[in-house]
Each structure stands twice: as structure tokens, then as C-alpha cells.
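In case you want the letters, here they are:
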Amino acid sequence: MNTADLFGNVTSPVRWDEPLCDGAVVLRGFALADETALLHALDAVVMQTPFRHLITPGGFRMSVGMTNAGSLGWVSDRRGYRYDPVDPLSGKPWPGLPEAFLQLATAAAAHAGFAGFVPDACLINRYEAGTRLSLHQDRDEHDLGQPIVSVSLGMPAVFLFGGRLRKDAQVRVPLAHGDVVVWGGPARLRYHGVMPLKPGYHEALGGVRINLTFRKAG
Ligand code: MD6
Ligand code: FE
């Protein structure tokens, strides 16, 4: 949202680019200009397809609450991980990608050098105090030449950004409300995770952090 300063000048929220490594960049504040539209679209999606705790193939309940928008949604159960056009809770297709989501993802990708990115899947992750996401690679997508665009909303979190091997050292990247991470190319298969969320309060979403990850899955 634009705001007027003391002198009535209309200003955009502060934003800057922070390269992480070859192929990955944090676009600080990139989503702030569309905050209201994004939060409304998020509400509409979650009304249709609520957050749920998926079971890993190994039988563990994920502490992250998950849902999806788009023609494909990421799901996990005892059979494995996959993209599915149908929400297993409702038996119906996932809600479509909201226009505000699509525009932001495409603009962020283009800004980071991935012109023409058209996502077909948005995985929506919900973190509450204590929720974490263990170290993983994103490798269920068809074309690993396509980047992933990741949008952080609400409470801040510490993102762990590792290397190509699980045992590689990780850097800790703080992610705040409105930050967008774009990664692809040589960074696409790096291990990553999220540290347990600290308890706290954020104006936009209360004690919760929401992460939207946009992929071209099919
Ligand atoms: C999160 N993100 O930030 C979890 N994966 O809540 C991811 O797992 C992720 O942010 C691939 C690319 C970007 C990401
Ligand atoms: Fe991931």
C-alpha cells in the first residue's frame, strides 16, 4: 500500500534486493505494495480449502498446516509426496490461483531474471509458535529449470539455506512480512528449512506466519 508522508508525498514501502547465492535472491518488501489484495485472496482460498496437517510417507504428522491454490496442489500421505489436481479433503479441484497471487509471483520472478514464469501451483504453509519445517529439497516438480517464488507474510521466521547435500552447512536468513525469495537455476536443489517459529504478534496475521510458494509443477 502507498502512504503519504508528512508533506503529502506518496511513497512506496521500502524495498531492496539481497542476493543469497548464484540463482537465489531475497526481494525485501516486494509483496508489501499488494499486501491488502494478497491477504484478502488468502482468506478466500482458506475458506474453500482449510489448512490441514499432512502425514509424511514415514508416518509423521507435519507441524506446518498446509493447503493449496492452483490447478495442482502439493500433498503428502503414506504413499508419498506428489502434486494432485484434487483436494483430498473435499474431493474437488483446489481453488484457482487468485489474480493477485499470480501477478505477484510473475512480477517477482521477472524481477529476479526468470521472465515468463507462469505458476500452476501455490503451496500455502501456516506456521504457529513452535512450528518448524525440516531440511528438504523441492524436487517433485516436472521442470527443475523453472524457479520457485516464495512469499512471507505475518510473523518473521529464520529460513535455513543449505547446499546441494543434506550435510552441507546452512546460512540463516531472516524473512519478514512482505519479503519474497526467488530461487532457481543453480540454487534450485539446495536443501532448506525453517527454524521453529518464535511466539509473537504481527499486525497482519497475529501470531501466525504464512508462506506462499509458487511453482510450475506440471
Ligand atoms: C517456508 N519454504 O518458507 C518454506 N521451498 O515456509 C520452502 O520450503 C521453500 O521458501 C522452496 C523454495 C522456496 C521456499
Ligand atoms: Fe521447500
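One structure accompanies this document, and this report is about it. Everything quoted here is computed from the prediction, not taken from an experiment.

### So, the overall build of the protein
Counting its secondary structure elements, the protein contains 2 helices and 15 strands. Here the protein has a C-alpha radius of gyration of 17 Å; the compact-globule value for 218 residues is 17 Å, and the two agree. Overall, the C-alpha framework of the protein stretches about 60 × 40 × 40 Å when taken along its three principal axes. A sequence separation of at least 24 residues applies to 70% of the contacts in the protein between residues at least 6 apart. With the model as given, the accessible surface of the protein reaches about 10,600 Å², and the carbon-plus-sulfur share is 58%. Taken as two groups, the 21 positive and 20 negative side-chain charges of the protein have centres that lie 10 Å from each other.

### Some thoughts on the pattern of salt bridges
Applying the stated criterion across every chain, the model contains 11 salt bridges. Salt-bridge contacts for R28 lead to D179; the nearest nitrogen and oxygen are separated by 2.6 Å. With R28 in strand 4 (residues 24-28) and D179 in the loop between strand 12 (171-175) and strand 13 (180-183), this pair connects stretches of sequence that are 151 residues apart. What makes R28 buried here is its relative accessible area of 9%. Salt bridges here are not isolated pairs; linked through shared partners, they connect D77, R79, R82 and D84.

### With respect to the side chain of S150
Of note, S150 is situated in strand 10 (residues 148-154). Using a relative accessible area of 11% as the deciding quantity, one classes S150 as buried. Polar side-chain contacts of S150 include one of 2.9 Å to the side chain of N211. In this structure, S150 is in contact with D179, V180, V181, N211, L212 and T213, ignoring residues within four places of it in sequence.

### What about the side chain of H177?
Following the sequence through the fold, H177 ends up in the loop between strand 12 and strand 13. You can call H177 buried: its relative accessible area is 12%. A polar contact is formed between the side chain of H177 and the side chain of E35, at a distance of 3.0 Å. A distance of 2.9 Å separates a polar side-chain atom of H177 from the backbone nitrogen of G154.

Thresholds, definitions, all that
- Residues numbered from 1 in each chain as written.
- Chains lettered and ligands numbered in written order.
- Predicted model: local features only at pLDDT ≥ 70, side-chain atom pairs only at ≥ 80, totals over all residues.
- Heavy atoms only, no water.
- Helix = DSSP H or I, 4+ residues; strand = E, 2+ residues; numbered from the N terminus.
- Rg over C-alpha atoms; globule rule 2.2 N^0.38 Å.
- Contact = heavy atoms within 4.5 Å.
- Areas by Shrake-Rupley, 256 points an atom, 1.4 Å probe, with all protein chains shown as cover.
- Lys, Arg positive; Asp, Glu negative; His and termini not counted.
- Charge placed at Lys NZ, Arg CZ, Asp CG, Glu CD.
- Salt bridge = Lys/Arg side-chain N within 4 Å of Asp/Glu carboxyl O.
- Buried < 20%, exposed > 50% of the residue type's maximum accessible area, 1.4 Å probe, protein only.
- Polar contact = N/O pair within 3.5 Å; in protein donor to acceptor, adjacent residues only side chain to side chain.

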